[in-house]
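Listed below are the residues making up each chain.
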Amino acid sequence: MSMQRASTALATVMTCVAAMVPGTGAAQGVTPAVQVEGGSVTGTTAAGVAVFKGIAFAAPPVGPLRWRAPQPVQKWSGVRAADRFGHDCMQLPFPSDAAPLGTTPAEDCLVLNVWRPAASAAPKPVLVWIYGGGFVNGGSSPAVYDGSAFARQDVVFVSFNYRLGRFGFFAHPALSAANEGPLGNYALLDQIAALQWVRANIAKFGGDPAQVTLMGESAGGASVLNLMASPMAKGLFARAIVMSGGGRTLIGGVPLRGEAGGRPSAETIGVNFATAQGITGRSDAETLASLRALPAEQVRGELNLAYRGPVDVPTYAGGPIVDGRVVVGTTDGAMRRGTAMAVPMMVGTTDADIAGFGETSKQGLFASFGAQADAARAAYDPAGAQELAAVGPEVGRDRLMHEPARLVAQETQRAGQPAYLYRFGYVAQSMRKDWSGAPHATDIPYFFDTVAAKYGAALTPQDARAAQLANRYVVNFVRKGDPNAPGLPRWPAFDARRGAVQLLQADASAINGVDPLKARLDAVQGAADAVVAGPELH
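All figures in this text were calculated on a predicted structure; none of them were measured in a lab.

Draft legend 1. Up close: the packing of helix 5 (residues 186-201) against helix 6 (residues 219-229). Axis separation between helix 5 and helix 6 bottoms out at 11 Å; the angle between their running directions is 75 degrees. Overall, the two elements helix 5 and helix 6 adopt an arrangement that is roughly perpendicular. Residue-level contacts link L188, Q191, I192 and L195 of helix 5 to S223, N226 and L227 of helix 6.

Draft legend 2. Highlighting the sheet that holds strand 3 (residues 39-42). Taken together, the 3 strands give an open sheet; going across it, the order is 2-3-6, and neighbouring strands pair in mixed fashion. Here the strands that pair on one side only, and so sit at the sheet edges, are strand 2 (34-36) and strand 6 (79-81). Strand-to-strand twist across the sheet, computed as the mean angle between neighbouring axes with direction ignored, equals 40 degrees. With 3 bridges joining them, strand 2 and strand 3 adopt antiparallel strand pairing. Note on strand 3: the bridge partner recorded for Q35 is S40.

Draft legend 3. Expanded view of the packing of aromatic side chains. Counted under the stated rule, the structure contains 25 aromatic pairs. Both rings, one in F150 and one in F448, keep their centres 5.5 Å apart while their planes meet at 75 degrees; by these two values the pair is edge-to-face. Here F150, found in helix 2 (residues 148-151), pairs with F448, found in helix 14 (residues 444-448); they are 298 residues apart in sequence, far enough to count as distant. You'll find F150 and F448 in the same group, each marked buried. Seen from their ring centres, F424 and Y446 are 5.2 Å apart, and the 45 degrees between their planes marks the pair as tilted. Residue F424 is found in strand 17 (residues 419-424), and its partner Y446 is found in helix 14; the two are separated by 22 residues along the sequence. The burial state of F424 is the same as that of Y446; both residues are buried. Among the aromatic residues, ring-to-ring pairing joins Y420, Y422, F424, Y426, Y446, F447, Y473, F477 and W491 into one connected group. A cation over an aromatic ring shows up here: R66 above the ring of W67, its NZ or CZ 5.5 Å from the ring centre.

Draft legend 4. Structural context of the pairing of strand 13 (residues 239-243). Within strand 13, 5 of the 5 residues are buried, leaving the element largely enclosed by the surrounding structure. Here strand 13 shows a buried face lined by R239, I241 and M243 and a second buried face lined by A240 and V242. Relative to strand 13, strand 12 (residues 207-217) runs parallel, the two being bridged by 5 bridges. What sits directly across from G216, in strand 13, is V242. In the classification by handedness, the crossover that spans strand 12, the intervening helix 6 and the parallel strand 13 is right-handed. With 4 bridges connecting them, strand 13 and strand 16 (residues 345-350) associate as parallel partners. Residue pairing in the sheet places M243 in a bridge with G348 of strand 16.

Draft legend 5. Fine view of helix 8 (residues 284-293). The complete set of buried residues in helix 8 reads T287, L288, S290, L291 and R292. If you follow the buried residues of helix 8, they end up packed against strand 10 (169-170), helix 4 (173-178) and helix 7 (266-276).

Draft legend 6. Helix 13 (residues 388-414), seen in detail. Here helix 13 is 27 residues long and its end C-alpha atoms lie 36 Å apart, about the 39 Å a rise of 1.5 Å per residue gives. Remark: the principal bend of helix 13, roughly 50 degrees, maps to D398. Across the 27 residues of helix 13, 19 count as buried, placing the element largely inside the fold. Once helix 13 ends, the next one or two residues include G416, with phi positive near 90 degrees.

Draft legend 7. Region of the structure containing the layout of surface pockets. There is about 440 Å³ of room inside the second largest pocket. In this structure, the second largest pocket is lined by 28 residues; those nearest its centre are D97, A98, A99, H440 and A441. Secondary-structure elements contributing two or more residues to the lining of the second largest pocket are helix 14 and helix 15 (451-455). When grouped by side-chain class, the residues that make up the lining of the second largest pocket number 16 nonpolar, 9 polar and 3 charged.

Draft legend 8. Representation of the pattern of salt bridges. Here the structure, examined in full by the defined rule, presents 21 salt bridges. D529 is the partner of R336 in a salt bridge, and the nearest nitrogen-oxygen pair spans 2.9 Å. Of this pair, R336 sits in helix 10 (residues 331-337) while D529 sits in helix 17 (residues 518-530), and the two are 193 residues apart along the sequence. Residue R336 is classed as partly exposed on the basis of its relative accessible area of 37%. Using a relative accessible area of 40% as the deciding quantity, one classes D529 as partly exposed. Put simply, D522 and R406 hold a salt bridge, and the shortest N to O gap is 2.9 Å. Remark: R406 occurs in helix 13 and D522 occurs in helix 17; sequence separation between them is 116 residues. Overall, D522 belongs to the partly exposed group, its relative accessible area being 31%. Residue classification places R406 among the buried positions, given a relative accessible area of 6%.

Draft legend 9. Spotlight on the sheet that holds strand 16. Strands sit in the order 1-4-5-7-9-8-12-13-16-17-18-19 across an open sheet of 12 strands; the sheet is mixed. The open sheet is flanked by strand 1 (29-30) and strand 19 (510-514), the only strands paired with a single partner. Inspection of the sheet shows strand 8 (residues 124-130) paired to strand 12 by 6 bridges, in the parallel sense. Its bridge partner lying in strand 12, V128 is registered against L214. Sheet strands in contact with helix 5 are strand 5 (49-56), strand 7 (111-117), strand 8, strand 9 (156-160) and strand 12, and its direction is about 165 degrees off that of strand 8. Running at roughly 130 degrees to strand 12, helix 6 makes contact with strand 8, strand 12, strand 13 and strand 16 of the sheet.

Draft legend 10. Quick peek at the state of the cysteines. Here the structure, examined in full by the defined rule, presents 1 disulfide. Residue C89 pairs covalently with C109 via a disulfide, S to S 2.0 Å. The sign of the 85 degrees torsion about the S-S bond sets the C89-C109 disulfide as right-handed. One end of the pair, C89, is in the loop between strand 6 and strand 7; the other, C109, is in the loop between strand 6 and strand 7, and 20 residues separate them in sequence. We classify C89 as buried; its relative accessible area is 0%.

Procedures and definitions
Residues numbered from 1 in each chain as written. Predicted model: local features only at pLDDT ≥ 70, side-chain atom pairs only at ≥ 80, totals over all residues. Heavy atoms only, no water. Axes fitted to C-alpha atoms, helices over the stretch in contact; angles between N-to-C directions. Helix = DSSP H or I, 4+ residues; strand = E, 2+ residues; numbered from the N terminus. Parallel < 35°, antiparallel > 145°, perpendicular 65-115°, else oblique. Contact = heavy atoms within 4.5 Å. Pairing = 2+ DSSP bridges. Phe/Tyr/Trp six-rings, centres within 6.5 Å; stacked < 30°, edge-to-face > 60°. Buried < 20%, exposed > 50% of the residue type's maximum accessible area, 1.4 Å probe, protein only. Lys NZ or Arg CZ within 6 Å of the ring centre and 35° of its normal. Right-handed = clockwise from strand over helix to strand, strands pointing away. Expected span 1.5 Å × (residues − 1). Bend = angle between axes of the 7 residues up to and from the residue. 1 Å grid on protein atoms, 1.4 Å probe; cavity = no way out; pocket = protein on both sides within 12 Å on 5 of 7 lines; lining within 4 Å. Points joined across faces, edges and corners; volume = space filled by probe spheres on them. Nonpolar A, V, L, I, M, F, W, Y, C, P; charged D, E, K, R; others polar. Salt bridge = Lys/Arg side-chain N within 4 Å of Asp/Glu carboxyl O. Disulfide = S-S within 2.5 Å.

And the structure:
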């Protein structure tokens with residue numbers, strides 16, 4: 001392509017995408033009022049998309065409602081203008097977050113947002129988004145989470161906030177004694193409440209409550225898996241998309257009460273936090289009142305993606321708590337028992353996803369595979385020439401991300417539902433000097449087709465084509481539980497006997513074939529399946 005043609009193509013791409021991104025100059029109108037739980041709201045319209053922002057789906061979780069399941073929304077009179085995002089939930093923003101917040105975090109944050117076609121007749125399929133951020137960061141306001149590209153393709157898109165850090169996951173004997181409802185997993189309860197709001201209200205926005213797809217990335221993907229396994233979320237969605245969400249172990253995973261595997265209970269961790277705040281030696285009622293009176297900044301502390309609290313005397317549960325009501329055990333355990341929701345799945349990772357390992361030598365690394373040690377050595381380091389610094393992250397990435405995603409696909413197929421397994425390997429052309437593969441979370445602007453918001457003037461026509469491909473796969477899956485459509489590279493449903501994966505490649509194309517990591521993932525799976533991690537909670 002000549003330089004002149006490339007410039008013209010890029011200008012066209014930027015012009016088209018600018019029409020999709022709020023604040024880029026498109027004239028705005030006001031929607032008719034929509035009656036929802038709580039009252040009436042109006043949204044804004046621009047370029048064929050109607051947007052409603054900051055709609056409350058529960059009462060503010062402040063004061064006596066801190067550390068309680070979300071309560072019914074407070075009714076309002078008149079018509080509210082739903083034309084700006086509500087606060088993202090209380091957190092300490094992470095400076096290098098892949099999705100920077102667009103609001104000031106606050107404890108009063110239980111709001112959601114809806115994008116729909118401005119002219120909507122027949123009921124549309126619905127896509128509900130759960131953001132990531134390690135359960136300590138994230139929100140629904142980032143520009144890369146804009147739902148306009150979905151609405152332009154006749155999909156109603158919903159995003160929402162859920163509580164984070166100690167606001168989202170906290171237990172204490174005083175809370176248990178108060179007997180105010182489900183304990184510990186307030187973040188997941190927020191997610192369930194948002195899905196219940198969608199079921200009750202989305203038809204008012206042209207959405208079909210029987211055709212809801214739940215999509216999440218990282219902690220959001222883990223949330224999707226947790227909700228699939230939770231008895232409290234049964235029937236709230238019909239399809240699922242899990243992006244880099246793991247699938248074998250819980251983030252957090254501590255028990256509500258009683259130690260497990262040498263780990264303190266969530267109640268013990270809560271007592272540690274209270275003690276650190278000087279709240280000791282009081283009655284249960286006084287203790288709970290004192291905890292709820294703490295300033296939000298004090299409850300938040302220094303938690304974010306860079307710091308999860310002290311290790312020696314932990315003061316944060318780290319994520320979902322096994323309470324027996326919301327979280328009853330691991331997702332893979334629920335899938336194998338047949339108690340998890342069986343729904344069509346799109347599941348995958350990025351090719352340079354999160355990697356972590358704790359071994360200090362190659363010998364120790366391969367020994368950690370147990371009976372699969374020789375198979376692992378042959379798959380990862382056949383010549384014996386690899387350095388630990390090279391092979392360790394590969395093992396960690398496979399254990400944390402690639403193999404668990406394949407496991408989810410396997411279990412989905414075994415349950416009689418189609419699974420579409422992918423690995424995203426596209427890197428924005430402006431970032432190729434810095435990234436040898438697609439890092440964690442870099443697939444989001446492609447799935448959303450918000451690459452213009454992410455890369456701005458550095459966006460290239462090839463970047464835009466990669467986004468269009470990924471986004472069309474998502475839209476097709478949301479519409480019919482199958483990403484395929486005429487004009488797209490074929491994506492067969494996962495078959496464990498074939499072991500194939502859809503590779504979204506560096507040239508903005510896609511190809512399906514036997515997974516190049518198959519031998520590695522087989523070794524990881526063999527070792528993981530042989531480990532008895534302790535009694536599974538039912």
